[in-house]
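Now for the letters of each chain:
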There are 2 protein chains.
Amino acid sequence: MNNYTELLRQHNLKATPQRLAITDILNMHGHVSIEFLYEQMLNKFNSISLATIYKNINIMLENAFVQEVKIPHSKSVYELTKEVHSHLVCDNCGAVQDITVPIHTILEQTDNTQEFEIKSASVVFTGICKECKN
Amino acid sequence: MNNYTELLRQHNLKATPQRLAITDILNMHGHVSIEFLYEQMLNKFNSISLATIYKNINIMLENAFVQEVKIPHSKSVYELTKEVHSHLVCDNCGAVQDITVPIHTILEQTDNTQEFEIKSASVVFTGICKECKN
DNA sequence: GAGATAAAGGAAAAAAATTATCTTTTATAT
DNA sequence: ATATAAAAGATAATTTTTTTCCTTTATCTC
């Protein structure tokens, strides 16, 4: 029993081999698209269907086991839920990295005369990653 | 000749009646989904096809006449391009508002040890709007 | 550990979203 | 006014995502 079995169960998800594999791929790659996930899964389960990928990602989203990252001008990627954080996306290679942004400070400096009660922030920076600069 | 004819042309877009109508709808509603835009357009052009909506939104995106706003847990909306700004999205009613965030200040306060060259930021706050609080 | 059961997987189809094709119409430059 | 490139309309085709139905399996209980 690896460590993700219990984590899946804590999110009301049965620990099937397929889900453990999805979890491993997410853990290994950090941020993955549906297509990439499907391709990787095919290596282990040669008859897995895309519907199973979608069904799992959807139920994992519902149970907050994974999060969707919506990226400007690009397809969404999915990641295991962890501490709140933001993202850096490379315009050149598409790589996605995590970054911590002081949301609290931002809110203090933002003029919110609109009386909108802000609960969370989704921040995606785009630019050029270290590797692509060289 | 209303004021959007010239603006369309400046973006290398022919000022067709359909495009002027799309522009009016975007201007009037601020942020609209593809479906909403289609429904509104049907009022004026009873035989317009969804393909025309997509073709126009896509070419308007390419020519930076409109921008796509990707919203967590929801479908994208589109807006006329204006000064750089961020968005507030109400979890309750789905309304989208503009807000100005001091991105520059954020960057100064963000620890970017990853040597990532940030060029732009997409920020979407979610919470409860003024109307839904009452 | 064996049996019961609710949930998950596989396969295929269906539905929804998006893009492409081809012909007709039209905005715009000349 | 005419020529022309681009856009619209009408489908059709693709792509993406969801659903259905039947089989398999993870997990709970004994």
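Refer to the structure presented above.
Residues numbered from 1 in each chain as written. Chains lettered and ligands numbered in written order. Predicted model: local features only at pLDDT ≥ 70, side-chain atom pairs only at ≥ 80, totals over all residues. Heavy atoms only, no water.

### Structural notes on the protein's contact with DNA strand C
Taken together, 22 residues sit near DNA strand C, with R19 and S47 of chain A together with R9, Y54 and K75 of chain B positioned nearest. Between DNA strand C and R19 of chain A there is a distance of 2.8 Å, counted from a phosphate oxygen to a side-chain nitrogen or oxygen. Note that a phosphate oxygen of DNA strand C is positioned 3.4 Å from one of the side-chain N or O atoms of T52 of chain A. Mapped by element, the contributors of at least two residues to the surface near DNA strand C are α2 (17-29) and α4 (50-62) of chain A together with α4 (50-62) of chain B. Across the surface near DNA strand C, the residue classes tally to eight nonpolar, seven polar and seven charged. (Near = heavy atom within 4 Å. Polar contact = N/O pair within 3.5 Å; in protein donor to acceptor, adjacent residues only side chain to side chain. Helix = DSSP H or I, 4+ residues; strand = E, 2+ residues; numbered from the N terminus. Nonpolar A, V, L, I, M, F, W, Y, C, P; charged D, E, K, R; others polar.)

### Here we look at unusual backbone geometry
Residues and elements named next belong to chain B. For N12, which is not glycine, the phi dihedral falls at a positive 65°. Positionally, N12 belongs in the loop between α1 (3-10) and α2 (17-29). Here A64, not a glycine, exhibits a phi torsion of approximately 60°, which is positive. Here A64 lies in the loop between α4 and β1 (66-69). With relative accessibility at 34%, the residue A64 sits in the partly exposed group. (Buried < 20%, exposed > 50% of the residue type's maximum accessible area, 1.4 Å probe, protein only.)

### A short note on the nonpolar core
Nonpolar side chains tend to gather and get buried jointly when the protein is soluble and globular. Residues and elements named next belong to chain A. Core analysis: the biggest nonpolar cluster contains 21 residues, and L26, L37, M41, I53, M60 and F65 have the highest contact counts within it. Secondary structure elements with two or more residues in this core: α1 (3-10), α2, α3 (34-44), α4 and β2 (77-80). Residues within four places of L26 in sequence aside, it is in contact with V32, V66, Y78, E79 and L80. (Core = buried A, V, L, I, M, F, W, Y, C linked by side-chain atoms within 4.5 Å. Contact = heavy atoms within 4.5 Å.)

### Looking at the side chain of R19 of chain A
Residues and elements named next belong to chain A. Within the secondary structure layout, R19 lies in helix α2. In this structure, R19 is buried with no salt-bridge partner, the nearest side chain bearing the opposite charge being E62 at 9.2 Å. Reaching out from R19, the side chain makes a polar contact with the backbone oxygen of K14 at a distance of 3.2 Å. At a separation of 2.7 Å, a polar atom in the side chain of R19 contacts the side chain of N56. (Lys, Arg positive; Asp, Glu negative; His and termini not counted. Salt bridge = Lys/Arg side-chain N within 4 Å of Asp/Glu carboxyl O.)

Spatial relationships are all this shows, so hold off on functional conclusions.
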